[in-house]
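Geometric and topological summary
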Amino acid sequence: MDIYERIKNRDPNETEFHQAVFEVVESIKPVLEMHPEFRSANILERIVEPERVIMFRVPWMDDGGDIHVNRGFRIEMNSAIGPYKGGLRFHPSVNLGILKFLAFEQVFKNALTTLPMGGGKGGADFDPKGKSNEEVQRFCQSFMLELARHIGPNTDVPAGDIGVGAREIGYLFGMYKKISNEFTGVLTGKGLNWGGSLIRPEATGYGSVYFAAEMLNARGETLEGRRCLISGSGNVAQYTMEKLIELGGIPVTFSDSNGYIYDEKGVDREKLDFLMELKNIRRGRVREYAEKYSEAVYTPVDPDLKYNPLWDHAAHCAFPSATQNEINGIDAGNLVKNGILVVSEGANMPTTPEGMNIFFDSGILYGPAKAANAGGVSVSGLEMSQNSMRLGWPAEEVDSRLKMIMKNIHKTCLDTAEYYGTPFNYVNGANIAGFVKVAQAMLDQGLV
Ligand code: NDP
């Protein structure tokens, strides 16, 4: 039985994890042929099993005095090349399979950044939406009360993800500091005046745009004047739009889980400021954008539709920046039919296997999440360095390092794909380059 069948039989409910493993296993077949030592050391079997899974109860009290219990997780997936590193997700859909897929992807992504970071991921099935600040604070404190004993600046350094932004990182850090009696860089995405790095909030979105620009450049194209479809309206989506506007791109869509906006004239700086205030300060819904700007059209989610109409507009570039499996086969077909040139994945695993096959067959430029959204964790790595040195670098320095890292990741993926006989297949390039680095480190360190 092959490794894929084995993990499916072992944990049949973890479908997202199976999907992530299948993709990597397919890509690395030629590597295992070339490196019998990886096979004899059973690296593949070891790399799909987390080093440690922590699951815990998170009890908290709402503003009315009622008690609730959520489930907290931390997956410490692989520490071959550095301390576990990866975000925390607070969303009602969170379960073990989703976090294992995210932690697995994170291992290879972190290897691609060239920074010394292992892979991990965590979170809870808690929904911060509609909760008061006090409720979110109580939840974060209870979550950290347990998590604190498992993490540390040289052991495991979490960050944000869906539902965990600057506010949540603040409450989590405050509790960690109180419990440990130490001010250390145990979380990234911290506030600027207490150890955070400039450009960390922007890094995932900016990085995804830099990666798209590199892919286009490889075919003699640019982002200038290109119409861009973006999904999501959170951290990644907002800074994707900001960088696109700066580089002359034209964002025309964005969304939340209730619906999406199509703005024919494009989102400009002033409109983006409105959206950021709406989402980050008032914690409102994207529908309000269409109430403010009459040229924009709001379309609510239709649960009976088998495709997402956001992906069915004429455009040159697509930046999925919401969540996993948000582009299915029909959506990918619509994108290709409407003339898309490049897809750069800000979200993790946003494209289903059927969607990926359509992108491969069409020959468009397709940048997978592991590579395209690695800017966030890269600047988290830079935040860890600044914390260790007790220094803060200026924004220009962090941004130019980010740009250089994204350029290098792009080159590594392109060269690796070419070397293994699949030119411009960035999926193979990212999976193989990430895998080889981690596998080699595991071999060097023996059977641990
Ligand atoms: P945020 O919580 O800031 O924003 C998430 C956005 O996606 C919101 O607009 C949210 O809508 C929407 N969304 C979330 N879940 C769903 C869903 N099931 N269906 C439809 N829409 C959904 O998260 P981020 O921007 O940080 O993360 C977005 C993606 O980017 C995730 O896949 C994350 O893993 C990935 N990522 C994030 C990094 C980071 O640095 N933050 C780094 C690398 C990857 P609503 O408000 O209605 O929930």
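Basis of the calculations
Residues numbered from 1 in each chain as written. Predicted model: local features only at pLDDT ≥ 70, side-chain atom pairs only at ≥ 80, totals over all residues. Heavy atoms only, no water. Helix = DSSP H or I, 4+ residues; strand = E, 2+ residues; numbered from the N terminus. Expected span 1.5 Å × (residues − 1). Buried < 20%, exposed > 50% of the residue type's maximum accessible area, 1.4 Å probe, protein only. Contact = heavy atoms within 4.5 Å. Polar contact = N/O pair within 3.5 Å; in protein donor to acceptor, adjacent residues only side chain to side chain. Near = heavy atom within 4 Å. Areas by Shrake-Rupley, 256 points an atom, 1.4 Å probe, with all protein chains shown as cover. Nonpolar A, V, L, I, M, F, W, Y, C, P; charged D, E, K, R; others polar. Domains from an automatic or database assignment. Buried area = accessible area lost by both parts, 1.4 Å probe. Salt bridge = Lys/Arg side-chain N within 4 Å of Asp/Glu carboxyl O. Core = buried A, V, L, I, M, F, W, Y, C linked by side-chain atoms within 4.5 Å.

So, helix α10 (residues 269–281)
In this model, α10 (13 residues) spans 17 Å end to end at C-alpha, consistent with the 18 Å of a helix rising 1.5 Å per residue. Of the positions making up α10, those classed as buried are Lys 271, Leu 272, Phe 274, Leu 275, Met 276, Leu 278 and Lys 279. Buried residues in α10 make contact with α9 (235–246), β7 (250–256), β8 (259–263) and α11 (287–292). With a side-chain oxygen lying 3.2 Å from the backbone nitrogen of Glu 270, the N-terminal cap of α10 falls on Asp 268.

Topic: the site of the ligand
Within the structure, the ligand sits among 25 residues, and Lys 129, Asp 161, Thr 204, Ser 257 and Arg 285 are positioned closest to it. For the ligand, an oxygen atom lies 2.7 Å from a polar atom in the side chain of Lys 129. Thr 204 has a polar side-chain atom sitting 2.7 Å from an oxygen atom of the ligand. Protein coverage of the free-state accessible area of the ligand, which is 890 Å², stands at 83%. In terms of residue class, the shell around the ligand is built from four nonpolar, 14 polar and seven charged. No fewer than three residues from each of domain 2 (52–194) and domain 3 (197–448) sit in the shell around the ligand.

Overview of the domain arrangement of the chain
Considered domain by domain, the chain is made up of domain 1 (1–49), domain 2 (52–194) and domain 3 (197–448). A C-alpha centroid distance of 27 Å is found between domain 1 and domain 3. Taken together, the contact between domain 1 and domain 3 spans 18 residues of the former and 23 residues of the latter. Note on domain 1 versus domain 3: buried area summed over both sides is about 1,800 Å², and carbon and sulfur give 72% of it. Together, Gln 19, Glu 23 and Arg 46 form the three largest contributors to the area buried by domain 1 at its contact with domain 3, with a combined 30%. Across the pair Lys 370 and Glu 23 runs a salt bridge whose closest N-O atoms are separated by 3.1 Å. If you look at where domain 1 meets domain 3, you find six residue pairs in polar contact (both at pLDDT 80 or more). Elements supplying a minimum of two residues to the side of domain 1 that touches domain 3: α2 (15–34), α3 (36–40) and α4 (43–47).

Observations concerning the nonpolar core
Core analysis: the largest hydrophobic core is formed by 52 residues, its most contacted members being Phe 211, Phe 254, Tyr 289, Phe 319, Leu 402 and Ile 409. Sort the elements by how many residues they give to this core and helix α8 (residues 200–218) lands first, with eight residues. Taken domain by domain, this core gets at least three of its residues from each of domain 2 (52–194) and domain 3 (197–448). With near-sequence residues (within four places) excluded, Phe 319 lies in contact with Ser 208, Val 209, Ala 212, Cys 228, Leu 229, Ile 230, Ser 231, Thr 240, Leu 244, Trp 311 and Ser 344.

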